[in-house]
Every structure is written in structure tokens, then in C-alpha cells.
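A look at the structure
The lines below spell out each chain.
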Amino acid sequence: MSAALPPIRSVESRRLAGVASERPWVRWLLTGAALAFVAAFLLVPLALVFFEAFAKGPAAYLAAIADDEAFSAIRLTLLIAVIVVPLNFTFGVAAAWLLARYDFFGKSLLLALIDLPFSVSPVISGLIFVLLFGAQGWFGPFLSDHGISIIFAVPGIVLATTFVTFPLVAREVLAVMQAQGGAEEEAAFMLGASGWQILWHVTLPKIRWGVLYGVILCNARAMGEFGAVSVVSGHVRGQTNTMPLEVEILYNEYRFVGAFAVASLLTLLAVATLVLKKVVERAVGRQRREAPIAGDRIAFALPAEEAGGGQ
Amino acid sequence: MSVVVQGLSKRFGRQGEAAAASGVSFTAPTGHITSLLGPSGSGKSTVLRLVAGLEEPDEGRIAIDGVDCTTMPARSRGVGFAFQSYALFDHMTVHDNIGFGLRIRKRPRSEIDAKVEELLALVKLPGYGGRYPSQLSGGQRQRIALARALAIQPKVLLLDEPFGALDARVRVELREWLSEFQTSTGVTTILVTHDQEEAFELSEHVVLLQDGKVVQAGSPHDLYDRPATPFVASFLGGANVLLGQIRDGRADMGSFAVEGPVGAENGASVRAFVRPQDIRIEKPTEEPVANVQLARIERMTRIGGNVKLAVRLGTGEAVTVQMAKTEVEGLGIEQGDRVMVDLKEAKVFVEDYTI
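Residues numbered from 1 in each chain as written. Chains lettered and ligands numbered in written order. Predicted model: local features only at pLDDT ≥ 70, side-chain atom pairs only at ≥ 80, totals over all residues. Heavy atoms only, no water.

1. A few points about the overall build of chain A
Here is the rule we go by: Secondary structure follows DSSP: runs of H or I at least 4 residues long count as helices, runs of E at least 2 residues long count as strands, and numbering of each begins at the N terminus. A simple rule labels every residue: compare its accessible area, found with a 1.4 Å probe on the protein chains alone, to the largest value its type can have, and call it buried under 20%, exposed over 50%, or partly exposed in between. Here, two residues are considered to be in contact whenever any of their heavy atoms come within 4.5 Å of each other. Residue burial considers only the protein chains on display, and all accessible areas are found by Shrake-Rupley using a 1.4 Å probe.
Of the regular secondary structure elements, chain A holds 15 helices and zero strands. Every one of the 311 residues in chain A was classed for burial, and the buried ones make up 38%. In chain A, the proportion of contacts linking residues at least 24 apart, taken out of those at least 6 apart, comes to 70%. For chain A, the accessible surface area stands at approximately 17,700 Å², while carbon and sulfur atoms represent 71% of it.

So this is what it looks like as C-alpha cells:
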């Protein structure tokens, strides 16, 4: 093995050296172009949001956020997230479990359907619910007879948001579950654990980082969703307006400080999500790297340092 | 605590095209290790999972300790199971892993602690309770997995390729340890393995499977000395294969002729399996001896105390011969020498043309 390695490595390094041996000015130009692009399209707009939000001072910023309608939009957005995230956590884990552990007729169809919300325009997603539950929709007459309002009300926003964010937890958990296999669950089953005990003691701890990752993404999308929510919400200020919708309305009314103040909150959410995502990604990576260590000798006596030395 | 399996069948796939086990019957005697031996895809793991209750059989019966448990849920069967991948709970300490089955059964903490300590001593890892599986070597993990399976005091222990993921040296060590361990606990054990050496060393009873069927069951000696089919003969011990024909009741392979199988018809094609250690090599004598052929030693390779010889027979066929180093030195033979070869033993099967 070791005898065969050097020539391979030297070929590899020669090729790598060839790639890296561009002239310095070419390297600087390429790096500079990439940085300029990032600055122009990401950093400047990001800074601009805060610049505009604080254009008339911190007092105006706070007043804009404390504004009744803005505040109600913030509250509604949080409420939506609080409802949608646990729902998609449950659906996502259940769907991932089903798809990772069982073979059944129509499995590939279900897999494709899970991705549907991503492949359909969010506006269409919203429209689906209007066509189902709107006044002219299939269930419209039944709902209005019973005094239930879904479209242009909170339930509609919850439905549309749940639909749009469904794949986030399911996809992430499915990948983790498929990578891990089901031997631990079988071991717990053989030791006498019931289905719920297996889920609680074995499966959830195993997939916890994958779940957290999915939940973070799901939360960010649930709070930031515009298209689908815009169609079903009706834009009733103080009642069915979420933060992204509020930003649009404020902007259209030329209330720039208000628009950017609310937008700054969503931006902060995005930044916090990115940071959390990075932290969790690192934890997931660490968990995956914990590969078995190649065997060391059996300790027939008790050398406590033996296992430590084996790592 | 014996395990009796009768006519066990299991098909996988929606169309049921793949029969993983068909009509498997065997008995695993109380207090011993029984090996299910076979190449990959022979259905041995499926049979073990059926006995465990991890899969449901399509046909057949399973009785543990005289009680029919074919339809019994796994948790009521009183079996412990160890996986090739160990399947330890990575987020729990060694202590919590071993105590898992008892915690599920809501046993008092003091009882669990005492049992875990006892089992850690049994698997020769005392003081390891506070560690996590990721801090252990592969061999240590498998011993913890065995301790965990034993914590619920199973009537039967089922081991699915328990040492399959370990390197050769640790495998041999763990094999010795398991033998000692099984003798001390006396728990009836069924071991699934593709390694015949492992099966022969650990068990008095070996069940050999091929394509989901039992081809032969018996003691390691039975299987080795009296293989029932060409498959058994070739699977157990890298044998030389020589082709020939029946002539006057004897199997004639050109270079050699041995007693043919009883009732073989004259002219029938035969296939003989000859183990490397069953070919005798001698210095050529002056006058030719009947039934002894001249051959040439093409290559000699020393492996520890043994020598492997590549020998070209007079008929042009190449065979592998294995001899003790001292024997080779005693004969004074060298690479390139012409020698006389003779068969000590060969397993002869009449060729089956129904294939």
C-alpha cells in the first residue's frame, strides 16, 4: 500500500500545483470580482435595510415597530410560526420515519409529493387554498353556512404556510434517518421497548440535530413567506397581515422607516438563522464523523487507560 | 431452552420473487452454540431474524423451550439479539445501554445498577459504565452489545455476524472470548456467520445453508469429512476440483483414481474435491508404482509452519498442496522438482446434468 502511494500523490500534487499556479494578478482579479459581487448583491442591501430603518433615528425606529399595526403583524407572524413549526415537526418526522423504514406501494409517489410545495410557485400554493376554501371554492358554501372562515383569516395563513414549509423538516430528517439505518431501533425492540419508547428513547435522540436543522429552516421560511400568504391573507391590517405583507403595505404607502424597521426584524431573523444553521451543521458533521475506531486488543484485566489509548 | 425450527419460509419483495428462506428446519440444542453457516445471500440472517421475531415467517413454526412462539411478539420470546453493527445507543453511556432493557421493564435503580456491574465484569470491561460507545473500540462495543442483550436474561442468545465488522486479529481474540463466555453463562446461542473457521471453532452443531435451504447439518466433523453435496465440499476448505469419469466402479480423474460413489453408472462424469492437505507428495522412485503419478512443483510458498505448493499434474491440471514445513524439509524437495503425487482422500460426486 505505502509503496504504491508516493507516485499517486506526486501526480496529484503536480496537478494541484498546476491549478494553483495562476499568475497573482489573475487570482486577485477573480477573488476581487467574487467579493465585489457579494458586496453589491448581499452586503449593501443588507446594510441599506438598517440604514433606512434608522434614517430618522432610533426613536423613529422604535416608534415604527411599536406602531399598532406593525406590532400586530409581528404578533401574527410569531403565532403562525408557533403553530406551523410544531405541525411540520410532527408531520415531517412521521413522514420521514415512514419513508425511511418501510417499503410500501406508492412510496416513490409520496417522496415526489413531499417536494411538491418546493416545485410549485408559492402564489399557486395559496391559490389552491382559495379554490378549496374561498367563498367561491369547493367547500366555500359549507364553511360560510357554519360560520367558519379560513380564507382571509388566520387558519388560511396557517394552512398556506404549513403547505409551503412542509418539505423542510421531512427532507432533512429523512436524509439523517436513511444515513443511520434502523439497527438501533431493532435493538430497542428486541429489548422490549414499545413503539413510543423506541421513538422517545432511541429515534428522536438519534435524529435530534437533523430535526433541529429542519426546524430552524422551517421557522425562517414560515416567518418570511410572502407569496402563498399574500394570496390567502386578504391583507386586513391589524388582523391578517404578517410581517412580510406589512413591509409591502408600508412601503407602498411611502412609510419607509416603518417598512425598513419591520424588514430589519426579518433580516435579523435571517442572520440569526444562518448563524444557528452553521452551528447545527457543525454538530451534525461531528455526529457523522464519529466512525467506529479500528479494534484494539481485548482487555482481559482492567487497564482503564486502554480504551483511552485506543482512540 | 432449545430452539426448534420447522419448515420456515420467508419471501421478500412485492411479487415474492426472492425466497430468502424456504423450508428451513433445524434444532439448536440447549446450552450450546449452534452456527448457521453459509455464503452471503444464503438466508442465514433471515432465519435468525425470523427466530428473533424481527420478521414474520410466511410458513413454518418456531418453538423456544418447547413453546410455540411463531406468532408471539419479539418481546415475549425471551431472546437476546446482537447485531453486526453493534447497534449501541450512541447518546447513552455504556451503563444506560446495558440497563436499557431493565429500565423499559421499570426495574428499581438499585437492581439495574447491580445487574450492569455484574455484566460489565462478565464481559471483562469493569469500570467502563460511564463511557460512551464512541469512546470504545469495535471489539469493546460488541462485548457491550452482548452484555446489553444478556441484561434481560434471555433464554436464547442470537448473534448476527457479531464479529463481521472487526479486523482479523480482534476476531480471533473475540472468538476465544465468546467460547469461554458462552461456556460460563450456558445460554443457548445461535450464531450466524459466513466464516467456517468461526463456526467450526465455536460450535458443536453447524447448519449449512445455501439459497435459503439447509444443505447439511451436523457436527463440524460430519460436514468436513462427509460433505453431502459438491457445494458443501467446495464451501468448506478451499478444495482442488478434478473432473473425471466412472470406469469399472472407480472414479478416474486421469492423474488419480479413487473409489467411486456407490451405484454410480459406468461412464458417468464425476467431480472430485481434494483438500490441499489430502495430496501426498513423495520423491520419485526408480521403478514406477501403480496409481502414482509424476508431477512438477511449480512454486513453493511458506506460510508460517506450512508450505503451499503449486503442483502441475501429468494431465496438465494445476492443484494446490499443503504440507508441514518439517515434512517438506524431510523430503528435501525444491521448486522445479519432479515428484510423485497420490491422493489420501477425495470426495467424489457424480455430476448432475439436470442443471
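2. Brief notes about the sheet that holds strand E11 (residues 240-247) of chain B
Residues and elements named next belong to chain B. Note the following rule: We treat two strands as partners when DSSP finds at least two bridges between them. Working convention: axes come from line fits to C-alpha atoms, limited for helices to the stretch in contact. Angles between N-to-C directions cover 0 to 180 degrees.
Read from one edge to the other, the open sheet built from five strands follows the order E13-E12-E11-E14-E20, with strand pairing classed as antiparallel. Of all strands in the sheet, those bounded by a partner on one side alone are strand E13 (257-259) and strand E20 (347-350). The average undirected angle you get between the axes of adjacent strands in this sheet is 35°. With four bridges joining them, strand E14 (residues 269-274) and E20 adopt antiparallel strand pairing. Pairing of Val270 across the sheet is with Val350, part of E20.

3. As for the packing of aromatic side chains
Our working definition: The criterion for an aromatic pair is that two Phe, Tyr or Trp rings (for Trp, the six-membered ring) have centres within 6.5 Å, with stacked assigned to planes under 30 degrees apart, edge-to-face to planes over 60 apart and tilted to the rest. Definition used: whenever NZ (Lys) or CZ (Arg) falls within 6 Å of the ring centre and also within 35 degrees of the ring normal, the charge is taken to sit over that ring.
Counted under the stated rule, the structure contains 14 aromatic pairs over all chains. Here the aromatic rings of B:Phe81 and B:Phe83 are separated by 4.7 Å at their centres, their planes lie at 50°, and the arrangement is tilted. Note on accessibility: B:Phe81 and B:Phe83 belong to one class, buried. An aromatic cluster is defined as three or more aromatic residues linked by ring pairs; in this entry it consists of A:Phe129, A:Phe133, A:Phe139 and A:Phe163. Looking at B:Arg148, its charged tip hangs above the ring of B:Phe89, at a distance of 4.6 Å from the centre. A cation over a ring is seen here: B:Arg275 above B:Tyr224, with NZ or CZ 3.6 Å from the ring centre.

4. Points about the sheet that holds strand E10 (residues 213-218) of chain B
Residues and elements named next belong to chain B. Across the sheet, which stays open at both edges, the six strands sit in the order E6-E7-E8-E3-E9-E10 with mixed pairing between neighbours. The open sheet has two edge strands, strand E6 (79-82) and E10, and neither has a second partner. Put simply, the sheet's adjacent strands are angled 20° from each other on average, direction ignored. When strand E3 (residues 33-37) meets strand E9 (residues 205-210), the two strands line up parallel, connected through four bridges. Looking across to E9, one finds that Thr34 is bridged to His205.

5. A look at a nonpolar patch on the surface
Residues and elements named next belong to chain A. To keep it simple, the criterion reads: Think of a patch as exposed residues, more than 30% relative accessible area, with no salt bridge, where like charges cluster within 9 Å and nonpolar side chains (Val, Leu, Ile, Met, Phe, Trp, Tyr) cluster within 5 Å. What counts as a salt bridge is simple: a side-chain nitrogen of Lys or Arg found within 4 Å of a carboxyl oxygen of Asp or Glu.
Taken together, the side chains of Phe37, Val38, Phe41, Leu42, Leu43, Leu46, Val271, Val275 and Val279 define a hydrophobic patch exposed on the protein surface, amounting to about 840 Å² of accessible area. Those elements that provide at least two residues to the nonpolar patch are helix H2 (24-53) and helix H14 (256-289). In this structure Phe37 comes out as exposed when scored by relative accessible area, which is 51%.

6. Examining the pairing of E11(B)
Residue and element names in this part refer to chain B. Bridge count between E11 and E14: six bridges; the pairing is antiparallel. Note that in E14 the partner of Gln245 across the bridge is Ser269. Of the strand pairs in this sheet, E11 and strand E12 (residues 250-252) are connected by three bridges, and their pairing is antiparallel. Residue pairing for E12: Arg247 is matched across the bridge by Arg250. Connecting E11 to the next strand, E12, in antiparallel fashion are two residues, including Asp248 with a positive phi near 55°.

7. What about the pattern of salt bridges?
According to the stated counting rule, one finds 30 salt bridges over all chains in the structure shown. A:Lys107 is the partner of A:Asp103 in a salt bridge, and the nearest nitrogen-oxygen pair spans 3.6 Å. With a relative accessible area of 66%, A:Asp103 lands in the exposed category. Linking B:Arg49 and B:Glu55 is a salt bridge whose minimum nitrogen-to-oxygen distance equals 3.2 Å. Assessed through its relative accessible area of 17%, B:Arg49 is described here as buried. The network of salt bridges with shared partners includes A:Asp67, A:Glu69, A:Arg237, A:Glu246, A:Glu253 and A:Arg255.

8. Observations regarding unusual backbone geometry
Phi is positive for A:Tyr254, which is not a glycine, with a value near 65°. Topologically, A:Tyr254 is positioned in the loop between helix H13 (243-252) and H14. The backbone of B:Ala87 sits at a positive phi, close to 55°, despite the residue not being glycine. You can see B:Ala87 is positioned in the loop between E6 and helix H2 (94-104).

9. A short note on the domain arrangement of chain A
Residue and element names in this part refer to chain A. Defined as follows: A domain assignment, automatic or from a database, supplies the domain bounds used here. Defined here as a combined quantity, buried area equals the accessible surface (1.4 Å probe) lost by two parts on assembly, summed across both. Whenever a nitrogen or oxygen atom comes within 3.5 Å of another N or O atom, the pair is scored as a polar contact, on the condition that within protein one atom can donate a hydrogen and the other can accept it, and that pairs from neighbouring residues in sequence are kept only if both atoms are in side chains. Throughout, the ten residues Ala, Val, Leu, Ile, Met, Phe, Trp, Tyr, Cys and Pro are labelled nonpolar, Asp, Glu, Lys and Arg are labelled charged, and all others, Gly among them, are labelled polar.
On domain assignment, one finds that chain A holds domain 1 (1-53) and domain 2 (56-309). Contacts between domain 1 and domain 2 engage five residues on the former and eight residues on the latter. With both sides pooled, the region where domain 1 packs onto domain 2 buries about 640 Å², and carbon together with sulfur makes up 78% of that total. Its largest share of buried area at the contact with domain 2, domain 1 owes to Val49, Glu52 and Ala53, together 69% of the area lost on that side. Connecting domain 1 to domain 2 are zero salt bridges. Scanning the region where domain 1 abuts domain 2 turns up zero residue pairs in polar contact (both at pLDDT 80 or more). Residue classes in the side of domain 1 that touches domain 2 are distributed as four nonpolar, no polar and one charged.

10. Details of the environment of A:Val247
With respect to the element layout, A:Val247 can be found in helix H13. Note: C-alpha distance between A:Val247 and A:Leu79 (168 residues apart in sequence) is 18 Å.

11. Things to note about the packing of helix H4 (residues 68-101) of chain A against helix H9 (residues 154-180) of chain A
Between two packed helices, what matters for the description is the angle formed by their axes and the separation of those axes. Residues and elements named next belong to chain A. Note the following rule: What sets the label is the angle itself: under 35 degrees gives roughly parallel, over 145 gives roughly antiparallel, 65 to 115 gives roughly perpendicular, and the rest give oblique. Handedness of each helix crossing follows the sense of rotation of the near helix against the far helix: counterclockwise by less than a right angle gives left-handed, clockwise gives right-handed.
Following both chains from N to C, one finds H4 and H9 inclined at 40°, their axes separated by 6 Å at the closest point. In this view, H4 runs oblique relative to H9, as classed from their interaxial angle. As H4 packs across H9, the resulting crossing turns out to be right-handed. Of the residues contributing to the contact of H4 with H9, the split by class is 23 nonpolar, six polar and one charged.

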